[in-house]
Amino acid sequence: MEKTVIGRFDKADFPLLHLKDISVKIDTGAYTSSIHCDNIIEKEGFLHCTFLDEEHPLYNGKEFIFRDYDIVFVKSSNGLIQKRFQVQSTIKIFEKVFKISLSLSARQDMRYPVLIGRKFLSTKFIVDPELIDISYNSKNDEHKNPIQE
């Protein structure tokens, strides 16, 4: 499988979550991928959380309920091991839909609501840190109707 070049930042859709054009940070230092949520609680066999992204008023504060989820232990950038919930979802990037595991994390202090880690990137992408929004820009270019004379 040929790998696609991706930049250090981009925007992606998450079809199963009904989220579009969400800013993502490509993080080769992180093994797993994570999405910023708050108010994460288990209740009656379901996992409830609130998606936070000020850039998207329609999604900011939207509650999600997951039936299927796992508990994982993730070593954070400061070396501490954290217990997190993880859900299975899909991500649409470069007009292709892929399965992705997302740990739910409180990322209030972070600039990007989603981190994409090595587990997802390997076998699919090569990261060029000088580039940004390659997938998002190619998606927008496809919808333009150039006038030819």
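Residues numbered from 1 in each chain as written. Predicted model: local features only at pLDDT ≥ 70, side-chain atom pairs only at ≥ 80, totals over all residues. Heavy atoms only, no water.

Draft legend 1. View of the pattern of salt bridges. By the definition in use, this model includes 3 salt bridges. The partner of Lys139 in a salt bridge is Asp13, and the shortest N-O contact between them spans 3.4 Å. One end of the pair, Lys139, is in helix 2 (residues 134-142); the other, Asp13, is in strand 2 (residues 9-14), with 126 residues separating them in the sequence. For Lys139, a relative accessible area of 15% translates into the label buried. A salt bridge links Lys92 to Glu95, with the nearest nitrogen and oxygen atoms 3.6 Å apart. We classify Lys92 as partly exposed; its relative accessible area is 28%. Within this structure, Asp13, Asp21 and Lys139 form a network of salt bridges that share partners. (Salt bridge = Lys/Arg side-chain N within 4 Å of Asp/Glu carboxyl O. Helix = DSSP H or I, 4+ residues; strand = E, 2+ residues; numbered from the N terminus. Buried < 20%, exposed > 50% of the residue type's maximum accessible area, 1.4 Å probe, protein only.)

Draft legend 2. Local environment of the packing of aromatic side chains. Under the counting rule described, the total for this entry stands at 8 aromatic pairs. Taken together, a centroid distance of 6.2 Å and an interplanar angle of 85° make the contact between Phe51 and Phe64 edge-to-face. Of this pair, Phe51 sits in strand 5 (residues 46-51) while Phe64 is found in strand 6 (residues 62-66), placing the two residues 13 residues apart along the sequence. A residue is classified by how much of its surface remains accessible, and Phe64, at 9% relative accessible area, is buried. The side chain of Lys11 reaches across the aromatic face of Tyr136, ending 5.6 Å from its centre. In this structure, Lys124 packs its charged tip against the face of Phe120, placed 4.6 Å from the ring centre. (Phe/Tyr/Trp six-rings, centres within 6.5 Å; stacked < 30°, edge-to-face > 60°. Lys NZ or Arg CZ within 6 Å of the ring centre and 35° of its normal.)

Draft legend 3. Expanded view of a nonpolar patch on the surface. Among the surface-exposed residues, Val5, Ile126 and Leu131 lie close enough to one another that they form a single nonpolar patch of about 220 Å² accessible area. Tracing the backbone shows Val5 in strand 1 (residues 4-6). Look at Val5 and you get partly exposed, because its relative accessible area is 39%. (Patch = residues over 30% accessible without salt bridge, like charges linked within 9 Å, V, L, I, M, F, W, Y side chains within 5 Å. Areas by Shrake-Rupley, 256 points an atom, 1.4 Å probe, with all protein chains shown as cover.)

Draft legend 4. Local environment of the side chain of Thr50. Structurally, Thr50 can be placed in strand 5. Owing to a relative accessible area of 14%, Thr50 belongs among the buried residues under this scheme. Here Thr50 is in contact with His36, Cys37, Asp38, Asn39, Gly61, Lys62 and Glu63, once residues within four sequence places are set aside. (Contact = heavy atoms within 4.5 Å.)

Draft legend 5. Representation of the pairing of strand 3 (residues 19-26). Pairing analysis gives 5 bridges linking strand 2 to strand 3, with the strands arranged antiparallel. If you follow Lys11 over to strand 3, its bridge partner there is Ser23. From the end of strand 2 to the start of strand 3, which pair antiparallel, there are 4 residues, and His18 there has a positive phi angle of about 60°. Pairing geometry for strand 3 and strand 10 (residues 114-116), over 3 bridges, is parallel. Considered in strand 10, the bridge of Lys25 is made with Leu115. (Pairing = 2+ DSSP bridges.)

Draft legend 6. Here's a closer look at empty space enclosed by the protein. Applying the stated criterion to the full structure yields 2 cavities of 30 Å³ or more. Reported here for the largest cavity is a volume of approximately 60 Å³. Taken together, the elements giving at least two residues each to the lining of the largest cavity come down to strand 2, strand 8 (81-93) and helix 2. Of the voids in this model, the second largest cavity is the one considered here, and its volume is about 40 Å³. Residue lining of the second largest cavity: Leu17, Ile35, Cys37, Phe51, Phe64, Phe66, Val87, Leu102 and Leu104, and that is the complete set. Mapped onto the lining of the second largest cavity, the elements with two or more residues apiece are strand 4 (33-43), strand 6 and strand 9 (96-105). (1 Å grid on protein atoms, 1.4 Å probe; cavity = no way out; pocket = protein on both sides within 12 Å on 5 of 7 lines; lining within 4 Å. Points joined across faces, edges and corners; volume = space filled by probe spheres on them.)

So, to be careful, I would describe these as geometric facts and stop short of saying anything about function.
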